[in-house]
Structure formats: structure tokens, C-alpha cells
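The chain contents come next:
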Amino acid sequence: MANKVIYLDHAATTSPIKEVVSIYNEALTTSFYNPASAHQAGTIVNRELENARSDILRSFGLSSYNLIFTSGASESNNLALKGYAHRYLRRGKHIITSSFEHPSVTNPLKALENEGFEVTYLKGNDGYISLEELEKAIRPDTILVSIMAVNNEVGFIQDIKGISKIVHSHGIKLHIDAVQAVGKIATPYSDADLITVSMHKIGGLKSSGLLLYKKGIELTSLIDGGGQENNIRSGTNDVPMALADAFAIKYALSHQKESYEYCLELVKPLYEYLSNHSDLYEINSTIDNPFIVNFSFKNKKASVFVEALSSLGIMVASKSACSSRLDKGSVTLLAIGKNSQLANNAIRLSFSSSNNKEDIETFINTLDKLVKELRA
């Protein structure tokens, strides 16, 4: 592999912010005490834990919400869906989602279907939730709607405010998977009742996530034990991780606007290049979300280019990291109406403010050279 790595796969994971690493490492030795312990040291770190929780809610502007620290977005989505469904199953056993959600939503929903719940999968309109289709799908026994705020493969931004208005007009709760939204796309978080966040997507640490949910909502625990996290997620709290999370959230949300504007300028040459070679590529994303650019090869195998680019030190994805090693084409692209050729031969580029224009120029020039070589 080349010495210099050009990393264009930030939707899969990000490099931790140096301050996050510093806070975590220091707290490993200064705040290692168990916050459930009754002694003074335990009381002090418990206060640190609760301050971190409050700081995160304050950063989101969600003072009327509760917050559960989890091991990541998958656990948060499972807790939101299964925890809510099991708690309120007497109200109904119908859930609505889209046909292009992340596996950490679709698979828990499949598990609930095996238990007797019914799930309606909205087809949407070219990747966007149709408010009319959503309205028609709601039934008297519908208890929850779960929608990904920003798609992880093509970057489509859903109308959360419009979705929320319909959902709440029927007295139903709305869960949003905000993993690809936080720190990137302005999102009306207060319009959702349950919110999933992943820390390693925003410069935080892996094995760390959040579930924010409105006060008054009750969840059935998925983990039985000592009753930590309001008796919803038992297990000894990781105080150093909570402190690191609080900084990462504050940093991501406070830099969101400048990060968006920076990446918007960054990807303009890339969209121009792809548009000028429409005989070779089909663009699947839109510049509305400059953090994710997705395109398909019309007559070539994407896997060949992903491997070739990787060998040259340019890291890109063929689909989401959670399904990149599966043989199937992109479920998202198939769901939004792309044919199997395009769904099987897509490349996803994802950016952060750590990228620069030289990265984009190198990618474009390298891709163009590889295409010409394969033509020859």
C-alpha cells in the first residue's frame, strides 16, 4: 500500500478527535471508580457521569429527554425498537419503517416480526419518504415509526419535520436513526421521540453510542442486571467513555455548519467530473449532502476499482461497511429503483473536514487513469 493514505470512507468510521483520546486516556486513571459505589470516590465519578449526560442533552438542546449510554448505534437501535415495542405491545403490534434502512434497524424489526409484530416497509419516492404513503400506512394499531434521518449509502436527507407532523397527529412515536446526521446535517431532533447516535462516526470512540428519548417514554430492558442507566441498560457504567462522548458531541454539533460548508466546496469538482462523464457513471446521490457521494459504473465492476484504488492508498467503499463483505448488491440502491447492474457496481465516497482538495484531485485523476487503462 502507498505510504500516504487518502481516506474517503468517513461514513464507515472516523479518526478520533485528539481531545477525545486525551480526555478518555486521562479519565481511565482518574475516573476509573465504579459510579454505583457508595463511597466518596464512587459518588464523585457518578457526578461526572451525570454531568456528561446533561452536557450531551444540552448540546442537542433536548433538556426534556433522557439519555442512555450504549455500546453503539446497533444497540441503540435495538433498544429503541425492541424496548419500545415490548413495552407498548398492548397498544398495538404494527411498526412502520422504510425499505432502505440500515441493517441495525431492519434486522431487529425482522426479529419482532418473528414474535408476531407486523412491519410496513415504505417504498418511498426515489429514496425519499412519501408523506402520502406514510399517512396511508398508519393503522389504529401502529405504535412506532422508525426512519433513518440521513441515508448511510446515498446520503438522502429525509423530511423529519414533515414525517413527525404526520406521525404525531396520530398519537404515534417517531424513532430516527441519526447516525449520519449528527455533526453534518441540520436535523430537527426535538421532532423525534427516540434518537440513535453513534460516536465513532463523529470523531468519538468505537463501542460507544447514545439513545436519547423523550421523558415519559418507557422502554423494556434488553439487558438484566444491576439496574444501571435507569434500570434500562444494566452493566457498570464507563465514565471515561461518557466524558469522551460529551466532548465529541459538543465538538461535532458546534462545528456542524462550517464542516458542511467546507465539504460542499470540496465535492463540487467531483460532481462536475462525474457529470461530464455520464457515459461512464450514474450519480446516485445529491450535493445537498456533501458528506456522501455515491455513483455507479454503468458498464464496469466497481469491485475492480475499489481494489485498485485501495492498492494505491485511496480508501473508498462499494457500499456501507456493515454489508460491504456480502455478495448482494446495494439494498438501498435497489430499493430506490436502481437496476441490479447499478446496485452491484456503486462506489460510496464519504468525507470530513480532514479531507482537502488535493485528496479530491488525486481521486479524480487516479480514477480517470484506471478507467482509461481498463478501456485500453
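Before any of the text, the structure's been laid out above.
To start, this report covers the structure provided alongside it. (Residues numbered from 1 in each chain as written. Predicted model: local features only at pLDDT ≥ 70, side-chain atom pairs only at ≥ 80, totals over all residues. Heavy atoms only, no water.)

## Observations concerning the sheet that holds strand 12 (residues 346-350)
(1) Moving on: One open sheet holds the 3 strands; their spatial order is 9-10-12, and the pairing between them is antiparallel. The sheet is open, and its two edges are formed by strand 9 (281-283) and strand 12, each paired on a single side. On average, adjacent strands in this sheet sit at an angle of 25 degrees to one another, irrespective of strand direction.
(2) Moving on: The sheet contact formed by strand 10 (residues 292-297) and strand 12 spans 5 bridges and is antiparallel. Bridging across to strand 12, isoleucine 292 finds its partner in serine 350.
(3) Moving on: Against the sheet, helix 9 (residues 256-276) contacts strand 9, strand 10 and strand 12, and its axis sits at roughly 15 degrees relative to strand 10.
(4) Moving on: Contacts from helix 10 (residues 302-311) reach strand 10 and strand 12 within the one sheet, and its direction differs from that of strand 12 by about 40 degrees. (Pairing = 2+ DSSP bridges. Helix = DSSP H or I, 4+ residues; strand = E, 2+ residues; numbered from the N terminus. Axes fitted to C-alpha atoms, helices over the stretch in contact; angles between N-to-C directions. Contact = heavy atoms within 4.5 Å.)

## Points about the sheet that holds strand 6 (residues 173-177)
(1) Moving on: The 7 strands are arranged 2-8-7-6-5-3-4 in an open sheet whose pairing can be described as mixed. Both edges of this open sheet fall to strand 2 (65-70) and strand 4 (118-122), since each of them pairs with a single strand only. Across the sheet, the mean angle separating the axes of adjacent strands is 20 degrees when strand polarity is ignored.
(2) Moving on: Bridging between strand 6 and strand 7 (residues 194-198) involves 3 bridges; their strand directions are parallel. Considered in strand 7, the bridge of isoleucine 176 is made with isoleucine 195.
(3) Moving on: Along the sheet, helix 6 (residues 160-169) makes contact with strand 5 (142-148) and strand 6, crossing strand 6 at roughly 155 degrees.

## Some details on the pairing of strand 10
(1) Moving on: Taking burial as the measure, the 6 residues of strand 10 include 6 buried ones, the bulk of the element.
(2) Moving on: Burial of the side chains of strand 10 extends over both faces: Ile292, Asn294 and Ser296 are buried on one face and Val293, Phe295 and Phe297 on the other.
(3) Moving on: As paired elements, strand 9 and strand 10 share 3 bridges and run antiparallel to each other. Bridge assignment links glutamate 282 to a residue of strand 10, and that residue is serine 296. (Buried < 20%, exposed > 50% of the residue type's maximum accessible area, 1.4 Å probe, protein only.)

## Some remarks on the packing of aromatic side chains
(1) Moving on: Applying the stated criterion to the full structure yields 11 aromatic pairs.
(2) Moving on: Ring centres of phenylalanine 60 and tyrosine 189 lie 5.0 Å apart, and the angle between their planes is 85 degrees; this geometry places the pair in the edge-to-face category. Here phenylalanine 60 is found in helix 2 (residues 40-60), whereas its partner tyrosine 189 is found in the loop between strand 6 and strand 7, with 129 residues between them in sequence.
(3) Moving on: Measuring from centroid to centroid gives 5.6 Å for tyrosine 273 and tyrosine 281, while their planes differ by 50 degrees, and the two rings are tilted. Here tyrosine 273 matches tyrosine 281 in class, with each residue buried.
(4) Moving on: Taken together, the ring pairs in this structure connect Tyr273, Tyr281, Phe295, Phe297 and Phe305 into an aromatic cluster.
(5) Moving on: Sitting over the ring of tyrosine 88, arginine 87 keeps its end group 5.0 Å from the ring centre. (Phe/Tyr/Trp six-rings, centres within 6.5 Å; stacked < 30°, edge-to-face > 60°. Lys NZ or Arg CZ within 6 Å of the ring centre and 35° of its normal.)

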